[in-house]
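Close look at the chain arrangement
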Amino acid sequence: MYEQSHKSYRPLTVLTFRWNYAIHGLQPAGYHLVNLLLHALVSLLYYRVCAMFLPEFASFVAAILFAVHPIHTEAVTGVVGRAEMLSSVFFLGALLCYARAASRRRCTDWRYVAACTACVGVAMLCKEQGITVTAVCVVYELFVAQKRRSTTGQNWLEIWGKGGWGCACGEAARRITTVCFATLALLAARLHVMGAQLPVFTRFDNPAGAALPPARHLTFAYLPALNAWLLTLPEALCCDWTMGTVTLLKSWRDPRNIATLVLGTSLVAGGIHALRTRSSALSMGLALLVLPFLPASNLFFPVGFVVAERVLYMPSMGWCLIIAHGWRLLAKKRAMLAASTLIFLLLAFSAKTYVRNWDWKTEYTIFASGLKVNRNNAKLYNNVGHALEAEGRYGEALGFFKTAVNVQPDDVGAHINVGRTYNHLGRYQEAEDAYVQAKSLLPKAKPGESYQARIAPNHLNVFLNLANLISKNATRLEEADMLYRQAISMRADYTQAYINRGDILIKLNRTKEAQEVYERALLYDSGNPDIYYNLGVVLLEQGKASQALAYLDKALELEPEHEQALLNSAILLQELGAADLRHLARSRLLKLLDKDSTNERVHFNLGMVCMDEGDAECAERWFRAAVHLKPDFRSALFNLALLLADRRRPLEAAPFLKQLVRHHPDHVKALVLLGDIYINSVKDLDAAESCYRRILELEPDNVQALHNLCVVAVERGKLAIAEECLTRAASLAPHEHYIQRHLAVVRARLAAVAPTNPTNPPTNPPTEVKARWNYIPQQPPDPHETDPS
């Protein structure tokens, strides 16, 4: 979903994360260590920059203030803030290179100009804000480099007006022109990457961006003053300033407009004072304060946040430089006051930074700390709820989600969170009500306006959540299908809606439609392995094994670790029966076993592969492992018992059959086999009779169970009962010769004993009458069970 992107293109920052991951995976210590080292490097480079404008000790003051400033906690402690520091390294590098290039009086060292341009490009590839260093270099050229060349006391405008291309001013013009044109080329490339299209933000991300004038302009004008206040007094810090954190300024009478006016007046006065006094420190301090902040100021284009402390990392360089400059002037007049002020400021900043780092320890602590600063941001309540939800504390999470709804009643995401938590708690009706409420808040269709432009993509999840909930009721599958179709109508490339709809159509036995839905999803996301996997499942439902295998293999080509594709393709390869395919099936199952040795289905299917290869010992080992992992595993229990019985180990098979019948009392095959063992091996006729009678309760016309019950009667010497029983069995299965044969034996025995002692039949039944356990009427016996995929 392309418009979900904030259009950030930071490949070098991402590369450093990849290096971290390659070395130590997701262990956080390495990521934080790199951030700390980068912050230390930025502080050292910043000291070197300050030394160009201030004496050594004043430069140290600026650098140490920068190093401990609490506003940097988000950038340094939050791993994602690495973009700020990486960009700052090359930002400062570009400024130092430009200063070196401009340091010669008559000619330019173009190697440093090239290095400056390269640093600008690299800074931009770390974070977009880095490109503003070009404007800082221009200020440096006009207000610092040219001032140093002036020996007559003229200002830079007079010097520039008298210069030509052959003099120092001409060199300055060429330097500026070169760097500016290179920057414009980089900016054009950047716009090409982001598609020459601004990112799309919701009114919750930046409420002022969706407000009408004058609220929009007054609020945007006030935000720089708020940022300046955070730099000056970083006491009330918050990780998220969106939604209702900053109330909109709706009229000129709002007293906060005074802060806007004060900041504007201060910057203008500072600029004029810098020009009059020709102060390099003040000029560069104002440039470093203002210029890097402009892309995040909302003044030129709306951004996806109201205030973000991390973006003040670069502007704080200007603030620290101005403070150090002022401190130096104070120290000349009142040294003790300057010293005590500096000590207090460093101690206060260090203490706040230390405490603020503990706020960033966990997701819960950082978002809970934000609620201490403001109680009007529904996003903070939602995020605290998410942190509790991740720990399984659904009851507590629900309270925060409900508060988010109360704070921001029109927040669709908050209602979705409430519904999801009710779902976790098993309160399904309340969950459905919450989803319906969220759905009612979505924008309604307008003629000539697409949904895609008006609905945040994550808000469409309400259709998926609601459909998933009601699809638990088999009678509401059509209703769920309608919701998925509605989501797709709002967003044609909503891949997850296609996938979920296909699942519903399979349950409705509309496999042809499901296939069409998945194929349409491939038009929008041809690299999604789940879609290929689902197509494989659909084709399996249609009995197209070869085509199904092709799609499962494609899913594995895209994602070699796709667990369901590995398992089901292995089962399919095994069922295809070819010896060469069994080897591939085994390798895929073993790969799954390496990922998760506790998956009983993998153990079971490895046992089935061994059965197909005729390796009974191997099969027994895998079946036992499957049963150990899941004591009620129906197929594994039966196949293990069957294997043991076939290997003439019926007494070992009996406990597994008992375990199977205990968990699955309706397992007819197990009852038949257990009854056979009771008759022929254990000689427990009562237990055998109980098994057969249980089968006949389940299936009154089960010929196999009826025949074996007849055999019990024979074993007990009740030949008359056996004859009646076998007569009924023969009527149910007249083509089964063994029943006719056994009936004949019983009748012959009755005829033999009738004249001599009709009341005392013989106790030794004919040996020809045996119980049969693997009889299935009118089809070849196939007692093995396979595990359904």
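Look up a bit, the structure's there.
So, here's what we can say about the structure. Remember, it's a predicted structure, so these values are computed and weren't measured experimentally.

With that settled, consider the layout of surface pockets. Volume-wise, the second largest pocket comes out at about 420 Å³. Forming the walls of the second largest pocket are 19 residues, and the residues nearest its centre are A228, W229, T232, L263 and S266. Of all the secondary structure elements, the ones that give two or more residues to the lining of the second largest pocket are α10 (215–232), α11 (257–277), α12 (280–290) and α13 (315–333). Here the lining of the second largest pocket takes 7 residues from α10, the largest share from any one element. For the lining of the second largest pocket, the residue count by class is 16 nonpolar, 3 polar and no charged.

Our focus in this paragraph is a nonpolar patch on the surface. Judged by side-chain polarity, F181, L184, L187 and L191 come together as a nonpolar surface patch covering roughly 390 Å² of accessible area. One can find L191 in helix α9 (residues 168–193). Exposure remark for L191: the relative accessible area of 40% places this residue in the partly exposed category.

Once that is clear, we can look at the packing of aromatic side chains. Under the counting rule described, the total for this entry stands at 13 aromatic pairs. Ring centres of F604 and F623 lie 5.6 Å apart, and the angle between their planes is 35°; on these two criteria the pair is classed as tilted. Of this pair, F604 sits in helix α28 (residues 600–612) while F623 sits in helix α29 (residues 616–629), and the two are 19 residues apart along the sequence. Relative accessible area serves as the criterion here: at 0%, F604 is assigned to the buried category. Since its relative accessible area comes to 0%, F623 is described here as buried. Summarising the aromatic geometry, the rings of F604 and F633 are spaced 5.3 Å apart at their centres and angled 45° between planes, so their arrangement reads as tilted. A residue pair is termed long-range when its members are at least 10 positions apart, and F604 in helix α28 and F633 in the loop between α29 and α30 (634–646) qualify at 29 residues. For the pair shown, F604 and F633 are each scored as buried. One aromatic cluster in this structure is built from Y46, F66 and Y313. When the ring centre of Y222 is taken as origin, the NZ or CZ atom of R256, which lies over that ring, is 5.4 Å away. It is K630 that lies over the ring of F633; its NZ or CZ is 5.6 Å from the centre.

Let us now look at the state of the cysteines. One way to say it: the disulfide is the covalent bond shared by the sulfur atoms of two cysteines. As enumerated under the stated definition, the model contains 2 disulfides in all. Note that C610 is cross-linked by a disulfide to C618, the S-S spacing being 1.9 Å. Neither C610 nor C618 differs from the other in exposure class; each is buried. Sulfur-sulfur distance for the disulfide between C710 and C725 comes to 1.8 Å. Between C710 and C725 the sulfur-sulfur dihedral comes to about -80°; the bridge is accordingly left-handed. Here the residue C710 occupies a position in helix α34 (residues 703–715), and C725 occupies one in helix α35 (residues 719–732), the gap between them amounting to 15 residues. For the residue pair C710 and C725, the accessibility class agrees, reading buried in each case. Each disulfide in the protein links cysteines that, numbered along the sequence, combine into the pattern 1-2, 3-4.

How each quantity is defined
- Throughout this description, residue numbers start from 1 for each chain and increase along the sequence as written.
- Only residues with pLDDT of at least 70 are given local features in this predicted model, and only at 80 or more are side-chain atom pairs given and counted; all residues enter the totals for whole chains, interfaces and linings.
- Derived side-chain values reflect all non-hydrogen atoms in the structure, with water molecules and hydrogen atoms excluded from consideration.
- Throughout, the protein atoms alone are placed on a 1 Å grid, and a set of points is a cavity if a 1.4 Å probe fits but cannot get out or a pocket if it is open with protein on both sides within 12 Å along at least five of seven lines; lining residues have an atom within 4 Å of a point.
- Grid points are joined across faces, edges and corners, and a volume is the space filled by probe spheres set on the points.
- Helix and strand assignments come from DSSP, with helices taken as H or I runs of at least 4 residues and strands as E runs of at least 2, each series counted from the N terminus.
- The classification used treats Ala, Val, Leu, Ile, Met, Phe, Trp, Tyr, Cys and Pro as nonpolar, Asp, Glu, Lys and Arg as charged, and all other residues, Gly among them, as polar.
- The patch calculation keeps residues exceeding 30% relative accessible area without a salt bridge and links them within 9 Å when they carry like charges or within 5 Å when they are nonpolar (Val, Leu, Ile, Met, Phe, Trp, Tyr).
- Method for areas: the Shrake-Rupley scheme with a 1.4 Å probe, in which residue coverage is limited to the protein chains shown.
- Just to be clear on terms, a salt bridge is a Lys or Arg side-chain nitrogen sitting within 4 Å of an Asp or Glu carboxyl oxygen.
- Per-residue accessibility, obtained with a 1.4 Å probe over protein chains only, is compared with the maximum for each type, and a residue is labelled buried under 20%, exposed over 50%, and partly exposed between these values.
- Only rings of Phe, Tyr and Trp enter the pairing, Trp through its six-membered ring, and a pair is recorded when the two centres are within 6.5 Å. The plane angle decides the type: under 30 degrees is stacked, over 60 is edge-to-face, the rest tilted.
- Sitting over a ring, as applied to charges here, requires NZ of Lys or CZ of Arg to be within 6 Å of the ring centre and within 35 degrees of the ring normal.
- The term disulfide is used for any two cysteine sulfur atoms that are within 2.5 Å.

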